[in-house]
Each structure stands twice: as structure tokens, then as C-alpha cells.
Amino acid sequence: MSFRDRIETWVEWALCVLLVLGLSFSVLATGGARPQDLALAQLIVGSALAVWVVSLWVAGPGRLFVAPACWGVVVFGLYAAAWYPSAEIEYAARREVTYVAYLATVFWIAAFVLRKTSYTSLFTYVLVGLAVLVAGYGIFQFATGSDRVWHFIRPAQYAGRASGTFICPNHFAAFLGMLFPLALGRAFLGRCHFATRLLLGYAALVLLAGIAFSLSRGAWLASGVTLMFLLFQLVRRRAGRWLAIGLIVVVSSGVYLFVQRVPQVKERISFDRSANTANEMRTRLWMWQSAWGMWREHPWIGVGPGHFDYRFPKYRVRLAQYRPGRAHNDYLNLMADWGVVGAGIALSTLGLLAAHAVGGWRRVRREGGDFTSSQSDRAGYVLGASGGLLFAALHSLVEFNLDVPATAGVAAALAGGLAAHLRFATSRYWLRLGIPVRILISALAVAVVALLAVQAFRMRAEGLPLDNARTLSTRPQQRLEPLMAAHTVEPGNPDTLYEIGECHRLISWQGYAGWADAAREAMDWYRLADQANPHSPYPPLRIGMCHDWLGNPSLGAPWFAEALRRDPLSYYVAAIHGWHAVQEGKLEEAQAWFERSLAIKVWPNPIADRYLRIVKRKLAETKPASPP
């Protein structure tokens, strides 16, 4: 073996191990949802990219296979970098661009390393094994009624559902849904012993059981379509026909028993108006309407990277009285944030991946009567990865899988491996690694590594004190210290700026010595929050309230008007307008505002409900008695 071959082998093993380690950590760390957990995954993946760049120079000139979809990923990354300088909310845009860089790195590492059967085997066995453990944990949660994920307590809305190491059951189901096709593809087409094949088949059934107990309707539908796709491909092969038919019988029997024996299933599939099912579907429709409205007003380049949640107030539907985070539809969210240009690049890349899957499948499949073909492992991966990405594409119609690092990372890795397998279908798309090309690749990769590393340290340094601040939500004096520590790391985070202002306002509201100075200090922080996010109604709303508290309601009036302009259909903004009218002594105007707030949201709406009773009583007391 030559020196170059040894270097390449060592690097490939290191990259595969780092890739699997980064993905596994994000899965176990509640899906990587917390910034400090995503930070560690970024460091692991970034170190893999650094190792690969060093190997380009150590190994010397050579060739690199670059499938067309790889260039689509690069173009989207460059588009994201170009968007960043003009984004209105710098903090959100920087986080989103860093996240794009993370997923692009996962894709490229997978595209480089998952082209050999030894690495696809390691990738498949580790992730499928991890998924089995996570699914088992989820089934345990369902069976025992546990509301815990490690030491975290899940929100009450997820009670009675399996979520494994994820907080949200839907994301847990998305993770399992992308990996059960990989297990089935390997079991039916892989070059492995009968015992291994049996274990993989059993693993696929466990993952399907985990999806079932997640009670995720979107995952049920996506799993059904994906299974039909896989079984259609397997039934066409003589060698796997009877096994596929046996799997159909087993899965059909399991579905029948599940529907008959698990009472929660009927509630989840009920469309009664009083059921939670109808409410959840309406909630998604409202978010989709808002996303569509954003795109209609900003069709070409969108509202900005990661801006959907910040721009939501202006586009909210009257009954959507919440902060959504994401649109619960990755395609609409993509269009709202990135516009036609960004969505076109992303969807074109997905189209290229589909073409890669078809081309790779035609090349690697074998129609023999056994599983001994030297390329059967490749066929197993191509079929399994295609099925996993099909599941992800379908499930993303009703969920925000791309916003969860664990599910998005697995999807990116499956896609990268699928792109790598195109090399077995064509002799094109090879890039010669001369010195100019290596310099260009190294410069781009070093920039990405630096971005991932710097942002990882900042995310962790900010995330830890913010978590501490959340545990002190009822103690404004104690919350200030961790919030200020987070602000020192990320001075442009509009939510942190607003929360610091809230602490000072609540301290002022207590009425102790120095209450007026605390109110003025709160207004200073609210102004900073307003500059960092010029679309939120809450900073101007609070500034107006502070003016009222200081006895200057006329100074607060413009701020209340601005809050209403930004969020005209918010029940809370309407209720605080009523509170402002009370401070001015305009009881009839206050009554109208409180009634408007209650018309938007009846319950829970304590401010409007309680103040409306007081206002009506005061109006009744001041009303002149009718003549006899």
C-alpha cells in the first residue's frame, strides 16, 4: 500500500468516526435542540472538515468525485453567506448561516467518506443500533407514562407519547423514520450473515414500533408511503420476494393490533371538532397561512435567514395567538426565509439527489437469486438512503425537521452518501486536485471551520447562562446576573435584551426605593431590543407601559401605536392598550380594547377579563341615575 493510500485510509476512518460521533451526540442530547449541545456537534463535525483539508495537502495531487448535488449545497451556502450582511436581525441571520454551514459540512463529509462499503456498514450499524436504543427508551416512556427525557421534563402537551431522547415526539418519529429504511435495505440487500440480516429486520420493526408509539400522524403517513416504496422495490426481486411478503404480513398484523389495543390511536385519528386533532391541524394551517403571507410580500429573497419567527406578528392569523418558532412545514419555511431564489436552489439540489438515487440504483442493483453480489451492500445503502430521504421529504410537509440538528444532520448524511454512490453509475464529475483547486477548497473549508468553531464557543457560552436564567423566571433580581453574562457573549440577541428590560421593569413594579430609576433603565434595554429586532411589538409596548408607570401616558401613546402597527391581531397587545386607556382615565375606550382582546382570545386572557369587570363596574358607578 502506497503512502497516499495509507493516508487516505486513515483519514477516511477518522472522518467516518467523527461523522457518526457528531450525529450520535446530537441525537442523545435531546436532538441537539439546545445551543450548547449543537455547539459540541459543530466542533466535532468542524474537526472532521479540518482533518480532510489537511489530508488534501499531505496526500498530494489526486482526484475528487463531486456529484452535481454537491455543487447545489455549495451554491446554497454561498447564497446564505451573501444574504447575511443585509439581514435585519443580525443575530438570527448569523445563527442560521452557521447552521447551514454545519449541515453542508455534514453533507460533504458524508459524500466523501460514504462511498465504500466498510464505511457505509459502520454508519448503518451504529446509527441503526442507536435508533433501536432510542426507540426502546421511547416505548418505555409510553408504557410507563413517563414525562421525562433524561433529567428534563417534557411539556404537558406531549403527555402519553413516546419521544425517546427528543423532547418532541414528532422529531423522535422523524429520526426513526429516516433509519428504518436503511435497516431494511441492508437486511434485504446487504452482504451479511443470516443472523445479522435477522437482527436488522428486527431493528426495523422496533423502529416502526417507536414511530407508532410516538402517536405522530404525519410520521404514520410518511412511514406508510415509504414502506410501500421499499416493498415495491423488494417484491420485484426474486430473491427477496417472499421476505418482503412476510414483512407485509407482519407489519399489517402489527398495525391492526396497535389500532385495536391502543386507545390513544382513535383520539389521534379523530376529526371531531372537540378533539385535539382538529385543533392541532388548524394550528398548522394558521402557521402555513402566515408563512405564505410572508412569501407573498417578499417573493424573491424572502424575509431573511431564520427570520420567520421574528416576522410572524405582522402576518399572524387572528386565532394564532402564540410564538410558533417555525412554520411546521419546511418547504413553506424555506420560501418565507429564503424566497424563490433560496427555495429554487434547495429544491433543485433535492431534484439532483433524486436523479442520483435513480442512477445509482440502476447501477448497483442485482437481479440474482441470492445476496452474494459484491455490490449488494451498495444497493442496500442506495435503497435505504432513498427511502429515508423520501420519509423526510414527506414528513417535512407537516413538521420542521430541518430545524432540529439531529434529524437534519441524519438527512444531510444520508443525502451525502447517496450523492457519493453516483460514482458507480458514471465516470464523470471527477475534479482534479491541482494546487489552485486545493488552495480554493482549503480557503473555503478553513472559513467554514473557523465559523463553526467560533460560533460553537459563543453558543455554549451564551446557552448555559440562559438556561440558568430560565430556572429563575420568578426572581427578576437573580435573573439579571445570568442574563447579563449571556448579553456579554451575544450583545445582539433581541430576546436577551428584552428579558433584561423585563427584569428591570418588574423590579420597578415592586415599588421599592429607586423604582423610577429601574423603570428608566428598563426603557433603555427595551430600546436596544427594539433596535435589534424592529418587528417585535413587545419592546415598544413595554416602553409605553413604563411611561404610564412614570406618570407620562402622553409619552407612551406613540409606542403603543407602534406596537399595534407591528402586531394588529394580538390579543395581548389589545389588552395592554386597554390597560393604557385605564391609566389615562378613558374607561369607555378601555372597555372597547378589552372586549376586542377577548373577541380574539377568550381564555386564558386574565388581563382583559379582570380589567373589563373593573371597568364595567366603574362605568356603572359613574353613570347618572335615570330620572323618575
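Residues numbered from 1 in each chain as written. Predicted model: local features only at pLDDT ≥ 70, side-chain atom pairs only at ≥ 80, totals over all residues. Heavy atoms only, no water.

## Overview of the overall build of the protein
A count of helices and strands for the protein gives 24 helices and four strands. Computed over C-alpha atoms, the radius of gyration of the protein comes to 28 Å, within 12% of the 25 Å expected from 2.2 N^0.38 for 628 residues, which places it in the range of a compact globule. Principal-axis analysis of the C-alpha atoms places the extent of the protein at approximately 105 × 60 × 40 Å. For the protein, buried positions account for 54% of its 628 residues. Considering only intrachain contacts with a sequence separation of at least 6, the fraction spanning at least 24 residues in the protein is 73%. (Helix = DSSP H or I, 4+ residues; strand = E, 2+ residues; numbered from the N terminus. Rg over C-alpha atoms; globule rule 2.2 N^0.38 Å. Buried < 20%, exposed > 50% of the residue type's maximum accessible area, 1.4 Å probe, protein only. Contact = heavy atoms within 4.5 Å.)

## Here we look at the confidence of the model for the protein
Should pLDDT be low for a region, the predicted coordinates there are not to be read in detail. Summarising the model, the protein shows a mean pLDDT of 88, and 93% of its residues fall at 70 or more. When the criterion is pLDDT under 50, residues 367-375 qualifies, and its contacts beyond four places in sequence or with other chains add up to 21 contacts. (pLDDT = per-residue confidence, 0-100.)

## As for a nonpolar patch on the surface
A cluster of nonpolar residues, Trp300, Ile301, Val340 and Val341, forms a patch on the protein surface that exposes about 380 Å² of accessible area. Among the secondary structure elements, valine 341 is positioned in helix α13 (residues 330-364). Overall, the relative accessible area of 34% leaves valine 341 in the partly exposed class. (Patch = residues over 30% accessible without salt bridge, like charges linked within 9 Å, V, L, I, M, F, W, Y side chains within 5 Å. Areas by Shrake-Rupley, 256 points an atom, 1.4 Å probe, with all protein chains shown as cover. Salt bridge = Lys/Arg side-chain N within 4 Å of Asp/Glu carboxyl O.)

## Things to note about unusual backbone geometry
Across the junction of tryptophan 603 and proline 604, the peptide omega takes the value -10°, indicating a cis bond. You can see proline 604 is positioned in the loop between α23 (587-600) and α24 (606-622). Phi is positive for leucine 215, which is not a glycine, with a value near 60°. Its place among the elements puts leucine 215 in the loop between α7 (194-213) and α8 (217-235).

## Focus on the packing of helix α2 (residues 35-59) against helix α4 (residues 90-113)
Between α2 and α4, the least distance of the axes is 10 Å, while the angle of their chain directions is 45°. On the basis of their axis angle, the class for α2 and α4 is oblique. When the axes of α2 and α4 are compared, the crossing they make is left-handed. Packed against α2, whose contacting residues are Pro35, Leu38, Ala41, Gln42, Val45, Ala48, Leu49 and Trp52, the element α4 presents Arg95, Thr98, Tyr99, Tyr102, Thr105, Val106, Ile109 and Phe112 at the interface. Considering only residue class, the contact of α2 with α4 consists of 12 nonpolar, three polar and one charged. (Axes fitted to C-alpha atoms, helices over the stretch in contact; angles between N-to-C directions. Parallel < 35°, antiparallel > 145°, perpendicular 65-115°, else oblique. Left-handed = near helix turned anticlockwise from the far one by under 90°. Nonpolar A, V, L, I, M, F, W, Y, C, P; charged D, E, K, R; others polar.)

## Comments concerning the pattern of salt bridges
For the structure on display, the rule yields 28 salt bridges. The salt bridge involving glutamate 490 is made with arginine 458; its shortest N-O contact spans 3.1 Å. Here the residue glutamate 490 occupies a position in the loop between α17 (476-489) and α18 (494-509), and arginine 458 occupies one in helix α16 (residues 435-470), the gap between them amounting to 32 residues. Residue glutamate 490 is classed as buried on the basis of its relative accessible area, which comes to 0%.

## Comments concerning the packing of helix α6 (residues 169-189) against α8
Between α6 and α8, the shortest axis-to-axis distance is 10 Å and the interhelical angle comes to 15°. By the criterion of interaxial angle, the relationship of α6 to α8 is roughly parallel. Crossing of α6 against α8: the hand is right-handed. For the pair α6 and α8, contact is made by Ala173, Phe180, Pro181, Leu184, Phe188 and Leu189 and by Ala219, Ser223, Thr226, Leu227, Leu230 and Leu234, respectively. Along the lines of polarity and charge, the residues of the contact of α6 with α8 split into 10 nonpolar, two polar and no charged.

## Section: the packing of aromatic side chains
For the structure on display, the rule yields 21 aromatic pairs. Between tryptophan 13 and tyrosine 119 the ring centres are 4.9 Å apart and the planes differ by 80°, which places this aromatic pair in the edge-to-face class. Taken as a pair, tryptophan 13 in helix α1 (residues 3-28) and tyrosine 119 in helix α5 (residues 117-144) lie far apart in primary sequence, 106 residues in all. Overall, the relative accessible area of 37% leaves tryptophan 13 in the partly exposed class. When the centroid spacing of 5.7 Å and the interplanar angle of 75° are considered together, the rings of tryptophan 515 and tryptophan 549 count as edge-to-face. With a gap of 34 residues between them, tryptophan 515 in helix α19 (residues 515-532) and tryptophan 549 in helix α20 (residues 538-549) connect regions that are remote in the sequence. Judged by relative accessible area, which is 31%, tryptophan 549 ranks as partly exposed. These aromatic residues form a ring-pair network of at least three members: Tyr498, Tyr526, Tyr538, Tyr571 and Tyr572. In this arrangement the basic side chain of arginine 63 is found over the ring face of tryptophan 430, its NZ or CZ atom lying 4.3 Å from the centre. (Phe/Tyr/Trp six-rings, centres within 6.5 Å; stacked < 30°, edge-to-face > 60°. Lys NZ or Arg CZ within 6 Å of the ring centre and 35° of its normal.)

## Section: the side chain of glutamate 502
Following the sequence through the fold, glutamate 502 ends up in helix α18. Of the polar contacts made by the side chain of glutamate 502, one reaches the side chain of arginine 505; its length is 2.9 Å. A polar side-chain atom of glutamate 502 sits 2.5 Å from a polar atom in the side chain of tyrosine 526. Not counting residues within four places of it along the chain, the set of residues in contact with glutamate 502 comprises Tyr526 and Arg542. (Polar contact = N/O pair within 3.5 Å; in protein donor to acceptor, adjacent residues only side chain to side chain.)

## Examining α24
Taking 1.5 Å per residue as the helical rise, α24 with its 17 residues ought to reach 24 Å, and the 24 Å between its terminal C-alpha atoms agrees with that figure. Restricting attention to buried positions, one finds in α24 the residues Ala608, Leu612 and Val615. Viewed along the axis of α24, the buried residues span an arc of 70°, placing them on a single side of the element. Facing away from the buried surface of α24 by more than 90 degrees, the exposed residues are Arg610, Arg613, Ala620 and Glu621. On the buried face of α24, the contacting elements are α22 (571-583) and α23. (Expected span 1.5 Å × (residues − 1). Arc of directions from axis to C-beta.)

## Regarding the state of the cysteines
Within the structure shown, the criterion is met by zero disulfides. Of all cysteine sulfurs in the structure, the one in cysteine 70 sits closest to cysteine 16, which takes part in no disulfide; the separation is 17 Å. The exposure class assigned to cysteine 16 is buried, which follows from its relative accessible area of 0%. Cysteine 546 takes part in no disulfide bond, and the closest cysteine sulfur, belonging to cysteine 503, lies 13 Å away. Accessibility expressed as a relative area gives 0% for cysteine 546, which makes it buried. (Disulfide = S-S within 2.5 Å.)

## Re the nonpolar core
Grouped together as the largest cluster of nonpolar side chains are 119 residues, with contacts concentrated most on Trp52, Tyr102, Phe107, Phe123, Phe175 and Leu414. Here this core takes 14 residues from α6, the largest share from any one element. Beyond its immediate stretch of four places on either side in the chain, leucine 414 contacts Phe123, Met178, Leu182, Tyr381, Ala385, Gly388 and Leu389. Judged by nonpolar contacts, the second largest core, of 17 residues, contains Leu483, Ala529, Ala532 and Ile543. (Core = buried A, V, L, I, M, F, W, Y, C linked by side-chain atoms within 4.5 Å.)

## Looking at the side chain of asparagine 329
Tracing the backbone through its elements, the reader meets asparagine 329 in the loop between α12 (308-315) and α13. A distance of 3.0 Å separates the side chain of asparagine 329 from the backbone nitrogen of tyrosine 331, its partner in a polar contact. When neighbours within four sequence positions are excluded, asparagine 329 is seen to be in contact with Trp288, Ser396, Leu397 and Glu399.

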